[in-house]
Amino acid sequence: MKNPVSPLDSHQTFRFTCSPQVTCFNACCRDLNQVLTPYDVLCLKQFLNISSNDFLDTYTEDNTGPGSGLPVVSLRFSDAEDLTCPFVTDAGCRVYPARPASCRTYPLARRVSRHRETGRLTEHWALIREPHCLGFNKGQMQTVDEWVNDQQIATHNRMNDMLLELISFKNRFRPGPLMPSEKNRVYTALYDLDAFRDAWFKEDSPLAINTNIQTLDRSKTSDPDLLIVAMDWIRETVFTPNPAKT
Ligand code: SF4
Ligand code: SF4
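Note that the coordinates shown come from a computational prediction; the quantities given were computed from them, not determined experimentally. For every chain, the first residue of the written sequence is number 1, and numbering continues from 1 along that sequence. Naming scheme: in the order in which they are written, chains are lettered from A and ligands are numbered from 1. In view of the model being predicted, local features appear only for residues whose pLDDT reaches at least 70, and side-chain atom pairs are presented and counted only at 80 or more, with totals across whole chains, interfaces and linings using the full set of residues.

Enquirer: Would you take a moment to explain the overall build of the protein for this structure?
Expert: What counts as a helix is a DSSP run of H or I of at least four residues, what counts as a strand is a run of E of at least two, and both are numbered from the N terminus. Tallying secondary structure elements over the protein gives nine helices and nine strands in all. For the protein, the C-alpha atoms occupy an extent of roughly 60 × 45 × 35 Å along the three principal directions. Neighbour counting defines burial: a residue surrounded by 20 or more other C-beta atoms within 10 Å of its own C-beta is buried, one with 12 or fewer is exposed, and intermediate counts give partly exposed, using backbone-placed C-beta atoms. A total of 246 residues make up the protein; the buried ones form 22% of that total. Counted over contacts in the protein with a minimum sequence separation of 6, partners at least 24 positions apart contribute 71%. By definition, residue pairs are in contact when their C-beta atoms, positioned from the backbone, come within 7 Å.

Shown next as structure tokens:
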């Protein structure tokens, strides 16, 4: 049997098209462990025009990463036998413009590695040929770069790489499981961004954090910039060996 996972360079091509015409339409939107990143949550709550707290309560489950104590937020799939995603409909994904990065990237998978000396990140791509997915039979050839561009994944990847940097920082300076109170702070800051905003801007004199001044300024009106502030705040107040007092 052909290996279902094949590494690809960003300039290499693959044939794939997904549309309502494929007989497997929606087959991939069930029975998944769909982990959400903070930026996925941000995009989905904005698209649905609800608060981050309402989004998390209605559509997600929160677990704790074994070993790290970090929050792991996943979409809550139906309890029915078909285990469907809460956003799948007969007509397809009802949050398509705001779908998570992993849904955009499929049938590709992305991983990043960091150069030990320069710290530079390198992307690695692989094509996943799952037997139920019939999108490989037809459609146009495209490169990985063209797929990333077509699916508008670049901003997701940039924000998710910042999260990876933050987790890597935690692994170096705050290894081992977080205390429940620390996990709650991470959860609120990174996932419940509207609650973080309320707390952050209520401060009479916001804590000094090592964040670009323009980002701080934009965070008053921009959720992605506020998420960058939240990541910096978590780095300085939870993940450092001698956290700043809050
Ligand atoms: S978010 Fe949309 S694309 Fe992703 S699994 Fe759910 S229905 Fe499918
Ligand atoms: S299984 Fe593949 S072709 Fe079918 S709907 Fe999902 S991504 Fe598209």
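Enquirer: I'm lost on the sheet that holds strand β1 (residues 5-8) in this one. Help?
Expert: Within a sheet, each strand pairs with its neighbour through backbone hydrogen bonds, oriented either parallel or antiparallel. Paired strands, as defined in this entry, are two strands with at least two bridges between them according to DSSP. In space, the three strands of this open sheet follow the order β1-β8-β7, with antiparallel pairing throughout. The strands lining the two open edges of the sheet, one partner per strand, are β1 and β7 (108-114). Direction aside, the axes of adjacent strands within the sheet are offset by 30 degrees on average. Pairing between β1 and strand β8 (residues 121-128): four bridges, direction antiparallel. Paired with V5 across the strands is I128, a residue of β8. The axes are straight lines fitted to the C-alpha atoms, using for helices just the contacting stretch, and the angles between their N-to-C directions are given from 0 to 180°.

Enquirer: Sorry if this is basic, but what is going on with the site of ligand 1 here?
Expert: Nearness rests on one distance test: the residue's C-beta atom, set from the backbone, must lie within 6 Å of the molecule or strand. Inspection of the region around ligand 1 gives C29, Q34, C85, F87, V88, C93, V95, R99, P100 and C103 as its neighbouring residues. Any residue that is not Ala, Val, Leu, Ile, Met, Phe, Trp, Tyr, Cys, Pro, Asp, Glu, Lys or Arg is counted as polar, Gly included; the first ten are nonpolar and the last four charged. Of the residues assigned to the shell around ligand 1, the class counts are eight nonpolar, one polar and one charged.

Enquirer: How should I be thinking about the nonpolar core in this particular structure?
Expert: One recurring pattern in soluble globular proteins is that nonpolar side chains are buried together. Connectivity within a nonpolar core runs through C-beta atoms within 7 Å, and the core itself is a set of buried Ala, Val, Leu, Ile, Met, Phe, Trp, Tyr and Cys residues. In terms of nonpolar packing, the biggest core is built from 30 residues, with V41, V186, A189, L190, L227, A230 and I234 touching the most fellow members. Going through the elements one at a time, α1 (38-48), α2 (52-59), α5 (154-173), α6 (180-190), α7 (193-202) and α9 (223-237) are the ones with two or more residues in this core. Top contributing element to this core by residue count: α9, with seven residues. For this core, the domains that each give at least three residues are domain 1 (5-153) and domain 2 (157-237). Where a domain begins and ends is set by an automatic assignment or by a domain database.

Enquirer: Where do I start with α5 in this structure?
Expert: For an α-helix the count is 3.6 residues per turn, leaving residues at separations of three or four pointing the same way. Expected span of a helix, by definition, is 1.5 Å for each gap between consecutive residues, and there is one gap fewer than residues. Between its terminal C-alpha atoms α5 stretches 29 Å, which fits the 28 Å expected from 20 residues at 1.5 Å a residue. What α5 keeps buried is the set H156, M159, N160, L166 and K170. Taken around the axis of α5, the buried residues stretch over an arc of 105 degrees, which confines them to a single face. The exposed residues of α5 that point more than 90 degrees off its buried face are A154, R158, S168, R172 and F173. Contacts made by the buried residues of α5 are with α1, α3 (101-105) and α9. Working note: the arc is built from the helix axis to C-beta atom directions.

Enquirer: I keep staring at the domain arrangement of the protein and nothing clicks. Help me out?
Expert: A common measure of how large an interface is: the accessible area buried when the components associate. By domain assignment, the protein separates into domain 1 (5-153) and domain 2 (157-237). In this structure, domain 1 and domain 2 have C-alpha centres spaced 23 Å apart. When contributions to the side of domain 1 that touches domain 2 are tallied by element, the ones reaching two or more residues are α1, α2, β3 (60-64), β4 (71-75) and β7. Take the side of domain 1 that touches domain 2: its biggest share by element is five residues, from α1. Across the side of domain 1 that touches domain 2, the residue classes tally to 12 nonpolar, nine polar and two charged.

Enquirer: Would you mind showing me how to read the site of ligand 2 here?
Expert: Around ligand 2, the neighbouring residues are C18, V22, C24, F25, N26, A27, C28, Y106, H132, C133, L134 and G135. Residue composition of the shell around ligand 2, grouped by class: nine nonpolar, three polar and no charged.

Enquirer: How do you make sense of the packing of α5 against α9 when you look at a structure like this?
Expert: Helix packing geometry: the angle between the two helix axes and the distance between the axes. Their axes nearest at 10 Å, the elements α5 and α9 cross at an angle of 5 degrees. The angle between the axes of α5 and α9 places the two elements in the roughly parallel class. Together, M159, M162, L163, L166 and F169 of α5 and P224, L227, I228, M231, I234 and R235 of α9 make up the contact between the two elements. Classifying every residue of the contact of α5 with α9 gives 10 nonpolar, no polar and one charged. An angle below 35 degrees is read as roughly parallel, one above 145 as roughly antiparallel, one from 65 to 115 as roughly perpendicular, and any other as oblique.

Enquirer: Would you mind showing me how to read the pairing of β3 here?
Expert: Consecutive residues of a regular strand have side chains that alternate between opposite faces of the sheet. Strand direction decides the pairing type here: β3 and β4, joined by five bridges, are antiparallel. Paired with E61 across the two strands is S74, which belongs to β4. In this structure, the hairpin formed by β3 and β4 is closed by a connection of six residues, where G67 is found at a positive phi of approximately 90 degrees.

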